[in-house]
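Next come the chains, spelled out residue by residue.
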Amino acid sequence: ETKKIFDPKNLIIGKEIIIKYENKEKNNKKINSIFIPLEFNKNFYLEKINENFIAEITSKKTRKRLVKKKGFISDSLYLSGLRTGVDKKAINEMIAIFSFSVDFQRDVWRNDNFQILYEEEFIKYDKANKNLGKILYANLGLQSLGSLKLYRFESDNGKIEHFDENGKSAKKLLMKTPIDGARLSSGFGMRKHPIRGYMKKHQGVDFAAPKGTPIYAAGDGVIEMKQRYKGYGKYIRIRHANGYKTAYGHMSKFNKTPGGRVKQGKIIGYVGSTGNSTGPHLHYEVLKNNIRINSQKLKLPSGRKLKGEELQRFIETKNSINRKLDDLGVY
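First, a word on what this report is: a plain description of the structure on this page. On a predicted model such as this, the values are computed, not experimentally measured, just so you know.

Regarding the overall build of the chain
And then number 1: Along its length, the chain carries 3 helices and 18 strands.
And then number 2: Of all 331 residues assigned to the chain, the portion counted as buried reaches 44%.
And then number 3: Taking the contacts inside the chain whose residues are at least 6 apart along the sequence as the reference set, 61% of them involve residues at least 24 apart.
And then number 4: On the chain, roughly 18,600 Å² of surface is accessible, and the fraction owed to carbon and sulfur atoms is 49%.

Description of helix 3 (residues 308-327)
And then number 1: Its 20 residues place the ends of helix 3 29 Å apart at the C-alpha level, agreeing with the 28 Å of an ideal helix rising 1.5 Å per residue.
And then number 2: For helix 3, the complete set of buried residues consists of Glu310, Leu311, Phe314, Lys318, Ile321 and Leu325. Angularly, the buried residues of helix 3 cover 90° about the axis, an arc narrow enough to put them on a single face. Turned more than 90 degrees from where helix 3 packs its buried face, Glu309, Glu316, Arg323, Asp326 and Asp327 sit exposed.

Description of the nonpolar core
The tendency in soluble globular proteins is for nonpolar side chains to be buried side by side.
And then number 1: Counting 51 residues, the largest nonpolar core has Phe98, Phe104, Leu140, Tyr248 and Ile268 as the members making the most contacts within it.
And then number 2: Looking at which element gives the most residues to this core, the answer is helix 2 (residues 88-98), with 6 residues.
And then number 3: Counting 12 residues, the second-largest nonpolar core is a separate cluster that includes Tyr151, Phe153, Phe163 and Leu306.

Section: the environment of Glu165
And then number 1: Looking at the element boundaries, Glu165 is found in the loop between strand 9 (160-163) and strand 10 (205-208).
And then number 2: Classification of Glu165 by relative accessible area gives partly exposed; the value is 36%.
And then number 3: In this structure, the C-alpha to C-alpha distance between Glu165 and Lys149, residues 16 residues apart in sequence, is 6.6 Å.
And then number 4: Sequence-distant contacts of Glu165, defined by excluding residues within four places in its chain, comprise Lys149, Tyr151, Phe314 and Lys318.

Considerations on helix 2
And then number 1: Listed in full, the buried residues belonging to helix 2 are Ala90, Ile91, Met94, Ile95, Ile97 and Phe98. Down the axis of helix 2, the buried side of the element spans an arc of 165°, and every buried residue falls inside it. Pointing more than 90 degrees away from the buried face of helix 2 are the exposed residues Lys88 and Lys89.
And then number 2: Capping of helix 2 at its N-terminal end is provided by Asp87; its side-chain oxygen lies 2.9 Å from the backbone amide nitrogen of Lys89.

So, the sheet that holds strand 3 (residues 42-49)
And then number 1: Within the open sheet, the 4 strands sit side by side as 1-2-3-4. Their pairing is antiparallel. With partners counted over all chains shown, the strands left at the sheet margins are strand 1 (18-25) and strand 4 (52-59), one partner each. On average, each strand axis in the sheet is tilted by 15° relative to the strand beside it, whichever way the strands run.
And then number 2: By the bridge criterion, 8 bridges tie strand 3 to strand 4 in an arrangement that is antiparallel. Looking across to strand 4, one finds that Ile49 is bridged to Asn52.

Brief notes about a nonpolar patch on the surface
And then number 1: On the surface, Leu11, Ile17, Ile19, Tyr21, Ile31 and Phe53 cluster together into a nonpolar patch covering about 540 Å² of accessible area.
And then number 2: Along the chain, Leu11 falls in the segment before strand 1.
And then number 3: In this structure Leu11 comes out as partly exposed when scored by relative accessible area, which is 41%.

With respect to the pairing of strand 14 (residues 244-254)
And then number 1: In terms of burial, strand 14 is a largely internal element, 9 of the 11 residues being buried.
And then number 2: Both strand 13 (residues 234-239) and strand 14 contribute to a ladder of 5 bridges, which runs antiparallel. Bridging across to strand 14, Lys234 finds its partner in Met251.
And then number 3: Turn length for the strand 13-strand 14 hairpin, with the two strands adjacent in sequence and antiparallel, is 4 residues, and the turn residue Asn242 shows positive phi of about 55°.
And then number 4: Direction of pairing for strand 14 relative to strand 17 (residues 281-288): antiparallel, over a ladder of 6 bridges. Residue Tyr244 lies in a different strand from strand 17, and its bridge partner there is Lys288.

A closer look at the packing of aromatic side chains
Each aromatic ring pair is described using two quantities: the centre-to-centre distance and the angle formed by the ring planes.
And then number 1: For the structure shown, the criterion picks out 10 aromatic pairs.
And then number 2: Ring geometry for Tyr229 versus Tyr232: centroids 5.7 Å apart, planes at 5°, classification stacked.
And then number 3: On the basis of relative accessible area, Tyr232 is assigned to the buried category, the value being 14%.
And then number 4: Grouping aromatic residues by their ring pairs yields a cluster made of Tyr137, Tyr151, Phe153, Phe163 and Phe314.

Let's talk about the side chain of Thr213
And then number 1: Secondary-structure assignment places Thr213 in the loop between strand 10 and strand 11 (214-216).
And then number 2: Among the polar contacts listed, one links the side chain of Thr213 to the backbone oxygen of Pro210, at a separation of 2.7 Å.
And then number 3: Contacts of Thr213, omitting those with residues within four sequence positions, involve Ile179, Asp180, Arg183, Gly269, Tyr270 and Val271.

Rules used throughout
- Residues numbered from 1 in each chain as written.
- Predicted model: local features only at pLDDT ≥ 70, side-chain atom pairs only at ≥ 80, totals over all residues.
- Heavy atoms only, no water.
- Helix = DSSP H or I, 4+ residues; strand = E, 2+ residues; numbered from the N terminus.
- Buried < 20%, exposed > 50% of the residue type's maximum accessible area, 1.4 Å probe, protein only.
- Contact = heavy atoms within 4.5 Å.
- Areas by Shrake-Rupley, 256 points an atom, 1.4 Å probe, with all protein chains shown as cover.
- Expected span 1.5 Å × (residues − 1).
- Arc of directions from axis to C-beta.
- Core = buried A, V, L, I, M, F, W, Y, C linked by side-chain atoms within 4.5 Å.
- Polar contact = N/O pair within 3.5 Å; in protein donor to acceptor, adjacent residues only side chain to side chain.
- Pairing = 2+ DSSP bridges.
- Axes fitted to C-alpha atoms, helices over the stretch in contact; angles between N-to-C directions.
- Patch = residues over 30% accessible without salt bridge, like charges linked within 9 Å, V, L, I, M, F, W, Y side chains within 5 Å.
- Salt bridge = Lys/Arg side-chain N within 4 Å of Asp/Glu carboxyl O.
- Phe/Tyr/Trp six-rings, centres within 6.5 Å; stacked < 30°, edge-to-face > 60°.

Spelled out as structure tokens, the structure:
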């Protein structure tokens, strides 16, 4: 019966459940109430009143605040962000929105900088208990690519995306970092494959990352190959639009993807060292009309560009976010 209000599948690991019961006779315990903490400001409560169980979800009042953080990158964006006090989920989301245009292993150098503005929701009298809200703005100042600014915007069709200053979507046909960027080896200078460098035959990019790091489909497409293949070990090849294909090698295991169709950003497998490999890494290739091309020099058509009234609305949103950036002190 409780399922109408709360599905037990939504239990959160590590939370303490309180069950109150009374001993009627020896082996006859009767439950009086069950208390289950849910997400940060909600609780589920089941109570017996006159032989009937009443279930309800209670929520505590929350407040919102804006958080602005900036810092220099001394090892990886992920670790430097954490040290600056950025919410862990916020850094992961920031890495995700930049992964279309930034190779987090080669484009990010020491002393590059970042800035982020996001909302945080917290319980009125318990500021330690907080929840990540919207990421309004993120900026990467990179020596390799210049300054990349992204603004949050809800377009006319209700979709929330991040756009650059000119109203171009951050999303592209293919991702430049099709792997959990937070877990990439942060060693600066990982510009070459540690063993072979880039020999003529080595057409692709290697991302050194710990075994088990999730690998994403770089774009929407159809899996046309998923097997052990030559020296690549466990290998997947995906066919995308416009004659593009992407290939992923040396996986430790495949993700169970139902059917052949995959969505951009969905996990297709995990980093490993199968096949001819000197250590755990993802070997990533982009093919255009079945010819391998250098994915890092790839000039992909940028995401959709806002036009007309929608663009005007975006410019207003952008200006309002810029004002918030100027007015805010840093927490």
